[in-house]
Structure formats: C-alpha cells, structure tokens
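# A closer look at the structure
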Amino acid sequence: MSDVHNEAAAVAERVERRWATVAILIIVFLAGMAAFAGIHQATMPQTAVETIDPTTIHLQGEFIESNLGSAVEQDGSVTVRAIGQQYSFSPPCIVVPTQTPVTFRATSADVVHGFLIQGTNINTMLVPGYVSVQKASFDQPGEHLMPCQEFCSVGHEGMWAKVKAVDKQQFLSEIADKRRLSCAP
Ligand code: CUA
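Note that the structure is a prediction, hence the values are computed from the model and not measured.

The rules behind the values
Residues numbered from 1 in each chain as written. Predicted model: local features only at pLDDT ≥ 70, side-chain atom pairs only at ≥ 80, totals over all residues. Heavy atoms only, no water. Helix = DSSP H or I, 4+ residues; strand = E, 2+ residues; numbered from the N terminus. Buried < 20%, exposed > 50% of the residue type's maximum accessible area, 1.4 Å probe, protein only. Contact = heavy atoms within 4.5 Å. Phe/Tyr/Trp six-rings, centres within 6.5 Å; stacked < 30°, edge-to-face > 60°. Patch = residues over 30% accessible without salt bridge, like charges linked within 9 Å, V, L, I, M, F, W, Y side chains within 5 Å. Areas by Shrake-Rupley, 256 points an atom, 1.4 Å probe, with all protein chains shown as cover. Salt bridge = Lys/Arg side-chain N within 4 Å of Asp/Glu carboxyl O. Core = buried A, V, L, I, M, F, W, Y, C linked by side-chain atoms within 4.5 Å.

## Some thoughts on the environment of Gln 149
Structurally, Gln 149 is set in the loop between strand E10 (142-147) and strand E11 (160-166). Residue classification places Gln 149 among the partly exposed residues on the basis of a relative accessible area of 29%. Sequence separation of Gln 149 and Ser 137 is twelve residues, and the distance between their C-alpha atoms is 21 Å. Excluding anything up to four places from it in sequence, Gln 149 contacts Gly 114, Phe 115, Leu 116, Asn 123, Thr 124 and His 156.

Okay, here's the thing in structure tokens:
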C-alpha cells in the first residue's frame, strides 16, 4: 500500500516539476522579450523623428494656417495637417474621405496636448518641437470626437475637435476647387 502511495507521490512530483519548468521558461521568455524590446528601442531610436520650431509654426513652413486641413496627395492618399494649442485644435473640424489612406501630421504650438480620434487607432501626443504622424483609414462615413486627452492646464476639458468622415466621392468633389479642406465654419 505504501509503495503505491510513494509511487503516486513520485509521479505527481515529476509532473509538477515538469509544468513548473514550462511556466518558468514562459516567464523567462516573456521577460526576455520585454527587455529586448525596451533595450532595442532605446538604443535604436526611430529614424523618422521630425522636429519643428514651435515658435514659428504660425509664420512659416508646413503648419501655416493656409496649409492646415486635408489635402489630396499625388498618390490619392490624404494628408491632414493640424495644430493643437491651448485650448483648441486648428482646424476645429477635420474632414476626411472614407476608404482612403489618411496620414495625420500634427504638432503643438505651446505645451503637450493629446491627439485622439474616438473609434480609430489614432492616439498620440502633440509635443512642441516635434511632428506627430499617425495613419488611419475610415471605412464608414460618420463623426468622431477628437478630445485632447493630455492635461494641458485649466482649459483642458474644453479642448476638442471633430473629425467627419464623408463619402470618398463627396470629399473629392468638395476639395476639387480647393487646395485644403476642413469642415470648420
Ligand atoms: Cu490640450 Cu488638454
């Protein structure tokens, strides 16, 4: 009787050790991946960091007022340029076509702001001195709220814009005689 018991205990111990080893190997593998990703990203910074002088964005270059909003590129994609500043976005209403690759290029004129478009994977920060670039595509027409999700002082909660996705053909006919399009009044 006690032999059977001993044997059962030995089997149980072997199985437990085996599974404990598997669990430890998984943890070591995951920790290794996390360390690799962290160290790799720290030692190999993104090559595409774009800087910009926040004190002159209103006066010259890509983010002057007449250049904000949506523009059709030669390859048919759309680029949206926007600025965040205490406490609004320019333009306050962005219009984009459906079924089209859209690149958002945005920066801040003063402090750090958030750039989040609800219902999409766009969620980044606007940091003065840097251009934030995010890509998205809108399947359906509709309105998306674009709140600043980074505390930027007393007017933060009132800082938001709207993104209107409209049918591609409608967008193209609206932008046909303009260089830039927005739905701002
Ligand atoms: Cu801008 Cu919060």
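Don't stop here, the text continues.
## Concerning the packing of aromatic side chains
Inspection of the entire model under this criterion finds three aromatic pairs. Feature note: the residues Phe 89, Phe 104, Phe 115 and Phe 138 constitute an aromatic cluster, connected by ring pairs.

## Examining a nonpolar patch on the surface
Nonpolar side chains collect at one region of the surface, where Val 11, Val 15, Trp 19, Val 22, Ile 26, Phe 29, Leu 30 and Met 33 lie side by side and expose about 770 Å² of accessible area between them. Its place among the elements puts Leu 30 in helix H1 (residues 2-43).

## Some points on the nonpolar core
Membership of the largest hydrophobic core comes to 27 residues, with the highest contact counts inside it found for Phe 89, Ile 94, Val 96, Phe 104, Phe 115, Phe 138 and Met 146. Contributions of two or more residues to this core are made by strand E3 (78-85), strand E5 (93-97), strand E6 (101-108), E11 and helix H2 (168-175). Counting residues per element, this core draws most heavily on E11, at four residues. Not counting residues up to four positions away in its chain, the partners in contact with Ile 94 are Ser 70, Val 80, Ala 82, Phe 104, Met 146, Lys 162, Val 163, Lys 164 and Cys 183. Listed in part, the five residues of the second largest apolar core include Ile 57, Phe 63, Leu 68 and Val 131.

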